[in-house]
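Structural description and commentary
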Amino acid sequence: MKSCFTTRSLLLAMLGAAGLTLLQAQEAAPPASAPPPAPPAAKNPIPEDVVGDEHVREEFGVNEFTTPSIRKLFDMLNHVGKLSYDSLKRPFTDKTPADRIVVSLGLGTLIADGFLIVQCEKVEEMETVGRAMIKYGKALGAGTRMNKHTQSLFEYSLKGNWQDLRVELAKTQADVEAEMVQLRDVDIAHLISLGGWLRALEIATQSINDNYTEEKTRQLTRRDIAEYYLMSLDSLHPSIMRNATLQALRKGIEELLPLVDVPEGKALTQEEVKALHQKASTLAHLITDKMNG
């Protein structure tokens, strides 16, 4: 979203000058038919149920620019039953990747890991993830904003205030998005959300595969979300899409689409869940392996 600081007087002056120029041109030349208006730029349709809370985005001035909320994506896990942190956790390191693309994707996975910690109420794990988030935020140019939120994350986790932790993690994503918009680096915001979705999908599919019931699987068949992220990748600047990790992710999401393309209301078999988990895990590891390597 581009900020506009034009004063009213300047705007009126510009409009007046434009009107005078147009009048002079009409007097000097015969009327000509106006060209047809350009069609509006296409926007990627974000599934409504994963758009972030309006008051959170309004706080950081990103109402007109949104990516799917990692919090909303993770809230779907409320329907998959109790999560086992020990089987779903992953290792973290102090390293920050040199590749800015991997940093942005990795920050999304860290935010998703934060929601996993909150869901499992693992107080002792929040500091490790929070410190990693600070490093990744600094690498993206949003370190000051990230520091502000991680301090709150530490305080809420020590108090066991899980609801406020969820809100603070959602604010973290929105605030970094706002910083990326100010830096005119909107593509990075899309990649943060993509990383969060892939990590959340990996967690959800593993949890359901470990404790399978048909009803739980209906949360996984969201072709619309997968298509959104595929379209988001296609909308990135061509120079960014030359990145090998993004090319592999795009190919993998295309291969994932048939796995979530089922009639509405139809459950997945356990074998289908297992196949979906293998694909989701492969995609998530394209990011997390580079974070740890």
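Okay, so let's go over this structure. (Residues numbered from 1 in each chain as written. Predicted model: local features only at pLDDT ≥ 70, side-chain atom pairs only at ≥ 80, totals over all residues. Heavy atoms only, no water.)

**A closer look at the overall build of the protein chain**
Helix and strand content of the protein chain: 14 helices and 0 strands. The N-to-C order of helical and strand elements in the protein chain reads α-α-α-α-α-α-α-α-α-α-α-α-α-α. A burial count over the protein chain gives 48% of its 293 residues as buried. Taking as baseline every contact in the protein chain between residues at least 6 positions apart, the subset at least 24 positions apart corresponds to 77%. Per element, the accessible surface of the protein chain, about 15,100 Å² overall, is 54% carbon and sulfur. (Helix = DSSP H or I, 4+ residues; strand = E, 2+ residues; numbered from the N terminus. Buried < 20%, exposed > 50% of the residue type's maximum accessible area, 1.4 Å probe, protein only. Contact = heavy atoms within 4.5 Å. Areas by Shrake-Rupley, 256 points an atom, 1.4 Å probe, with all protein chains shown as cover.)

**Description of the pattern of salt bridges**
Following the criterion strictly, the structure yields 13 salt bridges and no others. Among the salt bridges present, the one from D234 reaches R250, with a minimum N-O distance of 2.6 Å. A residue pair is termed long-range when its members are at least 10 positions apart, and D234 in helix α11 (residues 223–234) and R250 in helix α13 (residues 244–260) qualify at 16 residues. In this structure, E255 and K279 form a salt bridge, with 2.6 Å as the shortest nitrogen-oxygen distance. Of this pair, E255 sits in helix α13 while K279 sits in helix α14 (residues 270–292), and the two are 24 residues apart along the sequence. (Salt bridge = Lys/Arg side-chain N within 4 Å of Asp/Glu carboxyl O.)

**Focus: the side chain of S207**
Along the chain, S207 turns up in helix α9 (residues 186–210). On the accessibility criterion, S207 (5% relative accessible area) is buried. Non-local contacts of S207, meaning those with residues more than four positions away in its chain, are made with V80, K82, L83 and L88.

**As for the packing of helix α5 (residues 100–120) against α9**
Angle between the axes and distance between the axes are the two parameters that describe a pair of packed helices. With their axes 7 Å apart at the nearest point, α5 and α9 run at an angle of 45 degrees to one another. When the axis of α5 is compared with that of α9, the two are oblique. At the point where α5 passes α9, the crossing takes the right-handed sense. Residues R100, I101, S104, L105, L107, G108, T109, I111, A112, D113 and L116 of α5 lie in contact with α9, whose contacting residues are I188, L191, I192, L194, G195, G196, R199, A200 and I203. Among the residues making up the contact of α5 with α9, the classes are represented as 12 nonpolar, 5 polar and 3 charged. (Axes fitted to C-alpha atoms, helices over the stretch in contact; angles between N-to-C directions. Parallel < 35°, antiparallel > 145°, perpendicular 65-115°, else oblique. Left-handed = near helix turned anticlockwise from the far one by under 90°. Nonpolar A, V, L, I, M, F, W, Y, C, P; charged D, E, K, R; others polar.)

**A closer look at α14**
Between its first and last C-alpha, α14 extends 31 Å over 23 residues, near the 33 Å set by a 1.5 Å rise per residue. The largest bend in α14 amounts to roughly 35 degrees and is located at H285. If you check which residues of α14 are buried, you get V273, L276, H277, K279, A280, S281, L283, A284, I287, T288 and M291. (Expected span 1.5 Å × (residues − 1). Bend = angle between axes of the 7 residues up to and from the residue.)

**Observations concerning the packing of α5 against α14**
In contact at an axis separation of 9 Å, α5 and α14 are set at 105 degrees when each is read in the N-to-C sense. One element, α5, and the other, α14, form an angle in the roughly perpendicular class. Contacts between α5 and α14 involve V102, L105, G106, T109 and L110 from the former and I287, T288, K290 and M291 from the latter. Looking at the contact of α5 with α14, its residues break down into 5 nonpolar, 3 polar and 1 charged.

**Remarks on the nonpolar core**
By size, the foremost hydrophobic cluster in this structure holds 65 residues, and its most contacted members are L107, M133, L191, L194, W197 and L246. Tallying contributions element by element places α5 first for this core, with 13 residues. Contacts of M133, omitting those with residues within four sequence positions, involve L107, L110, I111, M146, T150, L153, L169 and T172. (Core = buried A, V, L, I, M, F, W, Y, C linked by side-chain atoms within 4.5 Å.)

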